[in-house]
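Fold and geometry: a report
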Amino acid sequence: MKPAPFDYHRPGSLAEALAILAGEPGAKVLAGGQSLVPLLSMRLAAPAALVDINGLPDLDAVTVTDDGVRVGALARHADVLASTAAAERQPLLGMALAHVAHATIRNRGTTVGSLVHADAASELPVVLRLLGGSVDVASVGGTRTIAADDLYLGPLESSVAPDEIATSAWFPALEPGAGVAFDEVARRHGDYALCGVAAVVRVEGDRVVSARAGFVSVADLPTVVDVTDALTTVDAAALADLGDVVLPHLDPADDVHATADYRAQLVRVLTARVVGTAYDRARERGTAR
Amino acid sequence: MSDTRHDVRLSVNGVGHDVSVPARRLLSDALRHDLGLTGTHVGCEHGVCGACTVLLDGRPVRACLMLAVSAVGCEITTVEGLARDDGSLGPVQQAFAECHGLQCGFCTPGFLTTITAGLADNPTPTHEECRDMIAGNLCRCTGYQNIVRAVERAAELIAEEGEAS
Amino acid sequence: MTTKLMGTPVQRVEDQRFLRGHGRYVDDVAVDERTLHAAVVRSPHAHARIVDIDVSAVLDLEGVHAVWTYDDLAGLATPMAEPLPLLIPHPALTHGRTQYALARAEVNYVGEAVAFVVADDRYVAEDAVGLVRVDYEVLPPVVGIDRARAADHLVHDDVPGNVGARMEQKTGDVEAALAAAPHRLQLDLTVERSACMPMEGRGTVARWDPDTHRLQVWSSTQTSTGVRAAVAVKLGLDLGQVDVITPDVGGGFGVKINHPWPEELLVPLAARTLGRTVKFTEDRREHFISSAHERGQVQHIEVGFDDEGRLLALDVEFWHDHGAYTPYGLIVPIITSTQLLGPYKPQVYRVRFESLYTNTVIVTPYRGAGRPQGCYAMERTMDAIADFLDRDRAEVRAANFIQPDEFPFDQGLVFQDGRELEYDSGDYPASLEKLKALVGWDDFPAYQAEMAAAGRRVGIGLACYVEGTGVGPYEGAHVHIETSGKVKVATGLTTQGQGHATVFAQLVADELGVRMEDVEVVTGDTRRMPYAVGTFASRAAVMSGSAIHLAAKRAKEKALRIAAEALEVDERDLEIVDGVVSVKGSPGTSIDLGTVSVLSNPLRYAFDEASKAATQFSVGDPGRPPVAEGDEPGLEGKDFYSPERATFASGMHAVIVETDPLTAEIRILKYAVVHDCGHLINPMIVEGQIHGGVAQGVGGALYERMAYDESGQLLNASFMDFLMPYVTEIPDGIDIDHLETPSPLNPLGIKGAGEAGVIPSAAVFAAAIEDAERVALPDLTITAMPISPSELHALRQRHPQPRPHRQERS
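Below is a short write-up of the structure. (Residues numbered from 1 in each chain as written. Chains lettered and ligands numbered in written order. Predicted model: local features only at pLDDT ≥ 70, side-chain atom pairs only at ≥ 80, totals over all residues.)

Looking now at the overall build of chain A. A count of helical and extended segments in chain A gives eleven helices and 14 strands. The C-alpha radius of gyration of chain A comes to 19 Å, within 12% of the 19 Å expected for a compact globule of 289 residues. Once the C-alpha set of chain A is aligned to its principal axes, its extents read approximately 60 × 45 × 30 Å. Residues counted as buried form 59% of the 289 residues belonging to chain A. Pairs at least 24 apart in sequence give 62% of the contacts found in chain A among residues at least 6 apart. (Helix = DSSP H or I, 4+ residues; strand = E, 2+ residues; numbered from the N terminus. Rg over C-alpha atoms; globule rule 2.2 N^0.38 Å. Buried ≥ 20, exposed ≤ 12 C-beta atoms within 10 Å, placed from the backbone. Contact = placed C-beta atoms within 7 Å.)

Dropping the structure here:
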């Protein structure tokens with residue numbers, strides 16, 4: 001299990017990196033490499049060249065403003081997780097990150113890299129969609145911002161063009177009156193989830209203004225479902241019925257770890273649990289203020 | 001596509017090594033085969049087992065998930081760098097010996113590096129935190145019971161040293 | 001007086017090098033630029049005919065030194081063109097088949113070696129592998145026991161019904177006994193495949209010395225003498241031309257007892273052919289698809305019993321999936337069929353099995369070696385009987401125990417070593433009492449009811465086993481006391497983490513009266529001990545431990561004789577303490593062992609101060625030959641231990657689990673082990689073995705399986721998808737209690753301990769999960785292991801249950 005040969009570039013500036021990418025159509029960007037390197041070693045990927053962006057300056061920041069959290073392309077999961085300011089501004093980010101692989105992987109893996117890897121079994125893409133975040137990308141032609149809803153085209157396929165580098169991701173702040181929650185069931189601690197659910201619920205008093213849930217590992221794409229209408233009243237029965245509301249939007253599949261039927265069961269259980277928790281948290285925040 | 005060699009300087013256990021490696025050389029292979037530091041073991045080469053864990057600027061990372069050329073400018077610590085300057089075992093190593101925290105020894109270097117960094121971060125872990133600290137490393141021999149004890153014992157040893165100095 | 005080390009938790013001497021990163025595993029040997037690296041072209045098909053192999057593209061690749069296919073082998077060494085050896089033939093194995101080092105005309109599993117490449121490094125070797133073009137004509141694959149039994153297609157054209165072996169053993173007329181029994185039950189059970197999965201895969205390094213015409217091989221094996229013999233035969237060398245050294249081994253658990261692996265022959269062949277050191281280090285994907293698996297069986301049990309649950313008739317039939325070839329014979333199914341009986345004594349027992357070919361990786365022993373399946377069959381049966389009679393599960397087991405006064409107890413069967421299955425000693429009732437106390441068996445029903453009232457499902461299970469350990473034929477040991485007083489010990493079997501260098505040093509220190517730090521133990525080096533068998537069947541402590549004890553005794557006898565002469569005292573008055581021989585009660589009259597060693601070897605030449613005292617002018621009687629008739633120079637002891645039969649360890653496990661009513665996740669609340677391996681040499685090490693076995697058992701029961709699809713592709717050939725437990729999946733704490741029923745068969749009274757921890761796991765988890773589920777679903781029965789939450793969920797769906805209650809919210 002050794003990578004096939006490739007050309008290697010380690011640019012010292014973003015402009016240089018973009019120029020190389022523009023000139024090498026088969027090149028891939030290497031940041032944390034925690035998904036890419038195993039693919040190389042198994043020879044499931046054999047790009048002609050790698051553009052290693054680990055030497056680029058100023059891309060490793062986690063910047064927290066009133067509006068949200070901006071995560072630079074070289075910020076490692078561990079950096080984001082360690083930011084108490086980020087956790088305060090958007091708690092869902094940290095909740096999800098805690099489920100990303102193991103700590104050692106999070107020390108090297110990057111949040112932006114995980115987003116553009118576009119794996120529907122990863123926690124972060126669905127969190128970005130659920131929060132209405134975005135990714136900034138650059139190419140020799142300029143920069144653009146891709147809204148999360150426009151980022152995911154298919155399994156492991158994002159709308160970041162081959163000559164573009166994702167330079168940062170934007171996670172909007174937790175809205176007033178909103179609560180968030182995340183939970184997942186994996187075979188082993190740290191494994192990809194059999195099913196993961198994230199939720200953002202916004203309330204006025206006890207009334208749900210908006211409730212949306214995002215799903216990991218139970219659809220081809222990171223999928224978000226609006227369940228506001230199913231929560232005109234919030235009680236155990238309404239929460240238990242959410243599974244049937246969301247399942248038509250999902251496509252849980254069989255694999256060596258679980259049947260589709262079992263995944264559907266997890267969708268039901270986790271959706272009720274996570275939306276319920278997000279709802280409770282939203283009300284607590286309302287009360288606290 | 002070429003197998004051009006790249007001249008890089010790897011800083012390992014405080015010593016700079018100039019090596020010439022193809023870009024595709026994994027850091028784990030560079031440490032083992034180019035530098036002869038065979039204490040870092042390769043158990044899966046896809047980042048799951050943790051046997052190859054080294055410290056990169058003090059943080060545990062999988063050496064099999066990094067290219068050697070990508071490690072320039074970083075300070076790498078391997079298991080060979082964990083003993084004390086006088087050659088005696090460091091506290092984590094000592095705790096493993098006392099607690100029978102190893103059997104075949106193959107996964108051990110990855111545990112030692114991981115725990116060394118973990119205790120530097122959190123010198124007084126709870127029992128649950130001790131378990132969490134090693135949750136990303138596979139061991140097929142010990143059933144982890146004595147490794148958890150070794151983490152607890154290492155924390156004690158470090159605390160005792162702190163008091164003594 | 002020196003304190004005895006036997007029975008004390010001495011810290012391990014091998015840890016110093018491991019903890020510093022100074023261990024020497026096979027991939028750490030010959031780390032230099034001159035060493036060449038091998039890679040293997042493997043079949044992508046489970047069953048296919050090889051139409052053509054084109055290696056031309058490889059020849060242009062810079063850095064490639066050799067590329068071989070089957071057609072090259074005969075020209076390199078004639079015996080290499082023959083199939084690999086069938087290591088353990090058996091009369092019942094009527095249709096044994098083994099593969100070629102490189103596939104000849106047909107491949108029979110995904111991963112079978114087809115071509116072999118040697119290059120400057122492994123990267124280039126893998127590039128070359130990608131350039132070899134093989135044309136296959138795909139044949140229908142046979143995957144799984146059901147397909148093998150159906151025999152719609154054959155794995156090997158000349159093996160009818162895919163049946164490699166049929167075997168039967170019985171102790172009486174089981175049909176009559178069944179008919180006469182007051183109660184009868186039938187069970188159909190399955191166990192899926194798993195694998196040893198040591199952290200270090202296989203690996204071999206070889207170096208040919210053209211000046212001396214000798215081959216030196218390092219291999220990550222459980223039998224260096226076995227590899228040596230196989231390499232010599234296959235390369236057409238004399239045994240004396242081959243040395244095999246087993247360096248540090250990163251875990252074995254059985255898979256490395258099979259030999260020779262194709263690479264174990266091809267690497268030495270390449271070293272000799274190319275005149276360069278050659279290394280093969282198996283990678284993880286290769287380990288999944290080209291090393292061995294185990295466990296897969298389908299079982300049918302019919303049992304007749306009385307009102308107390310006593311076994312009047314036990315009739316077992318099972319089908320064992322041995323994969324594509326049978327290099328290791330019938331060891332695994334024979335062990336299942338015999339060790340199934342555990343601590344029980346059915347009045348009549350019959351067992352029949354078929355060992356079946358499938359187009360999958362070969363099956364050879366994995367820790368437990370067929371016992372986990374047998375234990376599962378027996379213990380599921382015990383649970384079923386208890387359920388049927390509505391009796392306590394422990395009580396039913398106790399009613400069937402062989403009693404302490406019944407040993408030696410002959411089960412009336414033939415064991416895996418061709419000897420009678422005769423248990424030497426044990427105390428099963430005492431074991432059960434200890435286990436019940438340890439796990440809180442009698443208090444559990446109240447706890448279960450209390451939890452049930454809170455909507456929670458907890459369950460308890462127990463399982464008992466007996467394990468034949470320390471099988472023959474023999475092991476040997478050599479103990480050499482050097483003139484420095486240091487003691488060098490060699491035994492031929494190999495070490496994969498069991499702490500042999502420590503426990504064997506404990507034995508030598510005790511017997512010889514030397515400091516443990518003066519004893520150095522070498523294992524698995526054919527230069528040091530050319531006669532040995534290997535490390536398997538929990539035999540190292542029993543076999544080599546006994547041999548070392550005996551060899552140390554011989555060395556001691558000689559030391560005392562020489563010392564008595566030198567001190568002019570009666571040797572019966574002497575003792576050895578801390579390496580000094582002295583007269584008991586008068587320590588002034590003494591001589592250290594180093595000096596005794598000097599005196600033992602009359603010299604012509606003096607090379608240091610000590611040896612001056614040993615020249616022929618200084619020692620001996622001028623009237624007699626310097627070395628007396630019948631004596632030998634040097635202070636050494638060598639002996640072999642060859643027991644009549646195996647010694648039988650035993651134990652019992654209990655586990656308490658909780659199952660989530662909604663997600664079907666399974667949580668382990670408590671795990672308890674009572675273990676009897678006779679006298680303990682080092683309790684710390686024994687407990688470590690149990691911990692590791694239990695963890696592998698948890699993996700085997702709840703997480704690990706080899707998931708083949710119907711075309712014979714292994715779908716989870718990575719650590720991402722083959723779910724070996726991390727610490728987070730293993731119980732936080734394993735409660736262990738020991739019972740020490742010594743074996744009468746060996747001088748130390750010991751029994752093997754290596755495999756025990758893993759044997760009862762499938763049985764004990766099936767029982768506990770079933771017990772937990774029956775809180776809500778009284779008819780749910782577990783018949784297939786391992787079990788995942790997804791499978792438990794599916795089982796629940798198949799059982800009539802009350803309308804799913806609404807999720808509770810706090």
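Our next topic: the overall build of chain C. Across its full length, chain C carries 21 helices and 29 strands. A buried classification covers 60% of the 810 residues belonging to chain C. Sequence separation of at least 24 residues holds for 80% of the intrachain contacts in chain C that already meet a minimum separation of 6.

All names here are of chain C. In this chain, Phe 407 is followed by Pro 408 through a cis amide linkage whose omega measures -5°. On the secondary structure map, Pro 408 appears in the loop between helix 12 (393-400) and strand 16 (409-414). Note the cis peptide between Met 785 and Pro 786, where omega equals 0°. Mapped onto the secondary structure, Pro 786 falls in the loop between strand 29 (784-785) and helix 21 (789-798). Backbone geometry at Asn 162 places phi at a positive 60°, although glycine is not the residue there. Note on placement: Asn 162 falls in the loop between helix 5 (145-150) and strand 7 (163-170).

For the rest of this paragraph, the subject is the pairing of strand 18 (residues 457-469) of chain C. Residue and element names in this part refer to chain C. Counted residue by residue, strand 18 has 13 buried out of 13 residues, so it is predominantly covered. With burial as the criterion, each face of strand 18 is covered, one bearing Arg 457, Gly 459, Gly 461, Ala 463, Tyr 465, Glu 467 and Thr 469 and the other bearing Val 458, Ile 460, Leu 462, Cys 464, Val 466 and Gly 468. Where strand 18 lies against strand 26 (residues 647-659), 13 bridges are found, and the strand directions are antiparallel. Opposite Thr 469, over in strand 26, you have Thr 647 as the bridge partner. (Pairing = 2+ DSSP bridges.)

Neighbouring strands of a sheet are bound in pairs by backbone hydrogen bonds; such pairs are parallel or else antiparallel. Residues and elements named next belong to chain C. Taken together, four strands build an open sheet; the order of strands is 21-20-19-25 and the sheet is mixed. Because the sheet does not close on itself, it has two edges, and the strands there are strand 21 (519-523) and strand 25 (636-641). Going from strand to strand, the sheet's axes swing by 15° on average, the running direction of each strand aside. For strand 19 (residues 475-481) and strand 25, the ladder comprises six bridges, and the chain directions are antiparallel. Across the sheet, the residue bridging to His 480 is Glu 636, located in strand 25. In the packing of helix 15 (residues 500-512) onto the sheet, contacts are made with strand 19, strand 20 (487-491) and strand 21, and the angle to strand 21 comes to roughly 135°. (Axes fitted to C-alpha atoms, helices over the stretch in contact; angles between N-to-C directions.)

Facing 22 residues of chain A, the contacting portion of chain C comprises 28 residues. Looking at the side of chain A that touches chain C, the elements with two or more residues in it are helix 10 (236-246) and helix 11 (260-288) of chain A. Tallying contributions element by element places helix 11 of chain A first for the side of chain A that touches chain C, with six residues. Split into classes, the residues belonging to the side of chain A that touches chain C amount to 13 nonpolar, six polar and three charged. (Nonpolar A, V, L, I, M, F, W, Y, C, P; charged D, E, K, R; others polar.)

We now examine the packing of helix 3 (residues 108-121) of chain B against helix 5 (residues 145-164) of chain B. Residue and element names in this part refer to chain B. At a minimum axis separation of 11 Å, helix 3 and helix 5 run at an interaxial angle of 45°. In terms of orientation, helix 3 lies oblique with respect to helix 5. As helix 3 packs across helix 5, the resulting crossing turns out to be right-handed. On the side of helix 3, the interface is formed by Phe 111, Ile 115 and Leu 119, while helix 5 contributes Ile 147, Val 151, Ala 154, Ala 155 and Ile 158. Residues that form the contact of helix 3 with helix 5 fall into these classes: eight nonpolar, no polar and no charged. (Parallel < 35°, antiparallel > 145°, perpendicular 65-115°, else oblique. Left-handed = near helix turned anticlockwise from the far one by under 90°.)

Turning next to the interface of chain C and chain B. Each partner contributes to the interface: chain C provides 41 residues, whereas chain B provides 44 residues. When residues of the side of chain C that touches chain B are traced back to their parent elements, those giving at least two are helix 1 (15-19) and helix 19 (683-703) of chain C. Here the side of chain C that touches chain B takes six residues from helix 19 of chain C, the largest share from any one element. The residue inventory of the side of chain C that touches chain B, partitioned by class, reads 19 nonpolar, 13 polar and nine charged.

This part is about the nonpolar core. Core analysis: the biggest nonpolar cluster contains 422 residues, and A:Ala199, A:Val275, C:Val117 and C:Val508 have the highest contact counts within it. Examining the composition of this core, we find that 14 residues originate from one element, helix 16 (residues 540-567) of chain C, more than from any other. Excluding anything up to four places from it in sequence, A:Ala199 contacts A:Val180, A:Ala181, A:Ala211, A:Arg212, A:Ala213, A:Val274, A:Val275 and A:Ala278. (Core = buried A, V, L, I, M, F, W, Y, C linked by C-beta atoms within 7 Å.)

It is worth spelling out helix 2 (residues 91-99) of chain B at this point. Because the α-helix completes a turn every 3.6 residues, residues three or four places apart line up on one side. If you check which residues of helix 2 of chain B are buried, you get B:Pro91, B:Val92, B:Gln93, B:Ala95, B:Phe96 and B:Cys99. Among the structural elements, helix 3 and helix 5 of chain B together with helix 1 of chain C are those in contact with the buried residues of helix 2 of chain B. Positive phi appears at B:His100, one or two residues downstream of helix 2 of chain B, with a value of about 55°.

This part covers helix 1 (residues 27-34) of chain B. Residue and element names in this part refer to chain B. The element helix 1 is extensively covered by neighbouring structure, given that seven of its eight residues are classed as buried. Every buried residue of helix 1 is accounted for by Leu 27, Ser 28, Asp 29, Ala 30, Leu 31, Arg 32 and His 33. Where helix 1 is buried, its residues contact strand 1 (5-12) and strand 2 (15-22). Two residues or fewer past helix 1, Gly 36 is found with a positive phi of approximately 75°.

None of this, on its own, says anything about what the molecule does.
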